[in-house]
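# Residue-level structure breakdown
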Amino acid sequence: MKYNIILFLSALTCMGCNKDLAVNFTLGTDLLEVPCDGGVYTFNIESNTPTRTTVSYDDDNSGWIFVLPTYLKANGIIELRISSYDYVLENRSATITVTAGETSKSMKIVQFAKPGVFFDNPYVITLDSGGQYPVTVASSGAWTASVSAGDESWLTLDKSTGEQGETVTTLNVEPLENNDRRDATVTVTVGEMMEQLHVSQGYGTVIGNLMWSKCDVGEPNTFTSSPDIRGLLYQYDSKVGYQYVENDQSTPNGYVTGAYAGGDTWQEANNPCPPGWRIPTSDELSSLIGNNENKKFYWGWWHAMQGAYIGSVDASSATPEDTKGCIFVPMSGRRTWQAGVVDISSTVFLQSITRPGHNWGRTVYQIHWDNNVYTINDENNAAYAIRCVADVPE
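In this report, the structure presented in the accompanying data block is examined. What you see is a predicted model, and the numbers here were worked out from it, not measured in a lab.

Turning our attention to the overall build of the protein. For the protein, the count of helices and strands is 1 helix and 34 strands. Whereas a compact globule of 394 residues would reach a radius of gyration of roughly 21 Å, the protein reaches 29 Å, over 25% beyond that. Across its three principal directions, the C-alpha atoms of the protein cover 95 × 55 × 40 Å. When burial is assessed residue by residue, the protein has 48% of its 394 residues classed as buried. Within the protein, residue pairs in contact and separated by at least 24 positions form 60% of the contacts whose partners lie at least 6 positions apart. Roughly 19,200 Å² of accessible area belongs to the protein as shown, and the carbon and sulfur atoms make up 48% of that amount. In the protein, 24 positive and 45 negative side-chain charges are present, and the distance between their average locations comes to 7 Å.

In structure tokens:
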């Protein structure tokens, strides 16, 4: 939303003499109160001498006001672009100062905190073994919390009410008794406003100090339903997935081909992993896989699907019933950057977010049916399956 503010600056010149310019300011207001949604505010400056506008912030929370332009030669319009503000406990403030010559006038800007509730982590990924998970609830008023219907048998809260301010409530999660997975929501209500906390269990296997997803990414922000189901294939920094079709020599609709240099990394807005999960780095994949001298992978079967068990020196004896702490990744092939056709089907690819020293591609690990691993660097427009990773919850 755009707002207009009238700020008058008048410059009085001593005519016919050599005295310094005398400048008088008349500001229409010395306080601007801004809602949490932010907005664009403009004001007029009337002056016959150049002016300069600066911003000073009252705490470390800076950069939320953009002034355009900062300098005027005479009369003109200043625009303030104020970002939205999601925190719920404290307002934030800054001071706008307009200076002409040696004279300055200031206007205080106060942006109100967002009414409602804020979580330090809105997506809690829990262990199959269950456990206790503290969550900080910051609220602008008294709040109540409830667990989604039918999920109270495995998820409870030690505190279901709280007052204004910050409160730590603990999620008590029961162990998962099978290889299934489950989701629940905790709804926190403040007056007529509410926010939801999302809790999941059964989606990952802890290997080392990370949690690896048990399944590929299917449709954007979702996992496939089973480890032996192939996910979609994704180009670098893209949230558009393409089907794997064995020996398909056609280019899918919308598939961008050719080589190009992209940005420095995979942008979060284009992350195909479900919320709370991310694409692994090259170092993380290297630690997971090992190497040809110290293998932590083995080619095998998940019922009728071939692929690789990855993540343990005991991978050679892993089965669907006893994975030996491994994840299973189905063979999936890739789609090429030149034409988008499927090739190298009898292999497992694991793509990373890591650039190989340039922005034309990323590092990819290939585990072949001959039980060897290879490292390749492939172009941005080549498409691969994605296996996600998350930090182990504390």
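The next subject is the pairing of strand E20 (residues 193–201). Two elements, strand E13 (residues 123–126) and E20, share 4 bridges in a ladder whose sense is parallel. The partner of Val124 across the bridge, within E20, is Val199. Note: strand E19 (residues 182–190) against E20, 9 bridges, orientation antiparallel. Note on E20: the bridge partner recorded for Val190 is Met193. Between E19 and E20, which pair antiparallel one after the other, the connecting turn spans 2 residues, and Gly191 there sits at a positive phi close to 60°.

For the rest of this paragraph, the subject is empty space enclosed by the protein. One pass over the structure, following the stated rule, counts 1 cavity of 30 Å³ or more. One number sums up the size of the largest cavity: a volume of about 40 Å³. Elements with a contribution of two residues or more to the lining of the largest cavity: strand E14 (131–139), strand E15 (143–147) and E19. Of the residues that constitute the lining of the largest cavity, the class distribution is 9 nonpolar, 1 polar and 1 charged.

This part is about the sheet that holds strand E27 (residues 327–330). The strand order across the open sheet built from 3 strands is E25-E26-E27, with neighbouring strands paired in antiparallel fashion. Looking along the sheet, the strands with just one partner apiece sit at the ends: strand E25 (297–302) and E27. The average angle at which neighbouring strand axes cross in this sheet is 40°, direction not considered. As defined by bridge partners, strand E26 (residues 305–310) adjoins E27 across 4 bridges and the pair is classed as antiparallel.

Moving on, we get to the sheet that holds strand E34 (residues 389–391). Taken together, the 3 strands give an open sheet; going across it, the order is E21-E22-E34, and neighbouring strands pair in antiparallel fashion. The sheet is open, and its two borders are formed by strand E21 (204–207) and E34, each paired with just one other strand. Direction aside, neighbouring strands of the sheet carry axes that sit 35° apart on average. One ladder, built from 4 bridges, connects E21 with strand E22 (residues 210–213); its direction is antiparallel. For Thr205, the partnering residue across the bridge sits in E22 and is Trp212.

Relative to the helices and strands, Asp216 is located in the loop between E22 and strand E23 (233–235). For Asp216, a relative accessible area of 1% translates into the label buried. Apart from residues no more than four positions distant in its own chain, Asp216 is found in contact with Thr222, Phe223, Thr224, Ile229, Arg230, Gly231, Val329, Pro330, Ala385, Ile386 and Arg387.

For the rest of this paragraph, the subject is the environment of Val392. As for its placement among the helices and strands, Val392 is situated in the segment after E34. Residue classification places Val392 among the partly exposed residues on the basis of a relative accessible area of 30%. Along the primary structure Val392 and Thr97 are separated by 295 residues, whereas in three dimensions their C-alpha atoms are 47 Å apart. Each residue touching Val392, except ones within four places of it in the same chain, is listed here: Leu127, Val206, Asn209, Leu210 and Met211.

Calculation criteria
Residues numbered from 1 in each chain as written. Predicted model: local features only at pLDDT ≥ 70, side-chain atom pairs only at ≥ 80, totals over all residues. Heavy atoms only, no water. Helix = DSSP H or I, 4+ residues; strand = E, 2+ residues; numbered from the N terminus. Rg over C-alpha atoms; globule rule 2.2 N^0.38 Å. Buried < 20%, exposed > 50% of the residue type's maximum accessible area, 1.4 Å probe, protein only. Contact = heavy atoms within 4.5 Å. Areas by Shrake-Rupley, 256 points an atom, 1.4 Å probe, with all protein chains shown as cover. Lys, Arg positive; Asp, Glu negative; His and termini not counted. Charge placed at Lys NZ, Arg CZ, Asp CG, Glu CD. Pairing = 2+ DSSP bridges. 1 Å grid on protein atoms, 1.4 Å probe; cavity = no way out; pocket = protein on both sides within 12 Å on 5 of 7 lines; lining within 4 Å. Points joined across faces, edges and corners; volume = space filled by probe spheres on them. Nonpolar A, V, L, I, M, F, W, Y, C, P; charged D, E, K, R; others polar. Axes fitted to C-alpha atoms, helices over the stretch in contact; angles between N-to-C directions.

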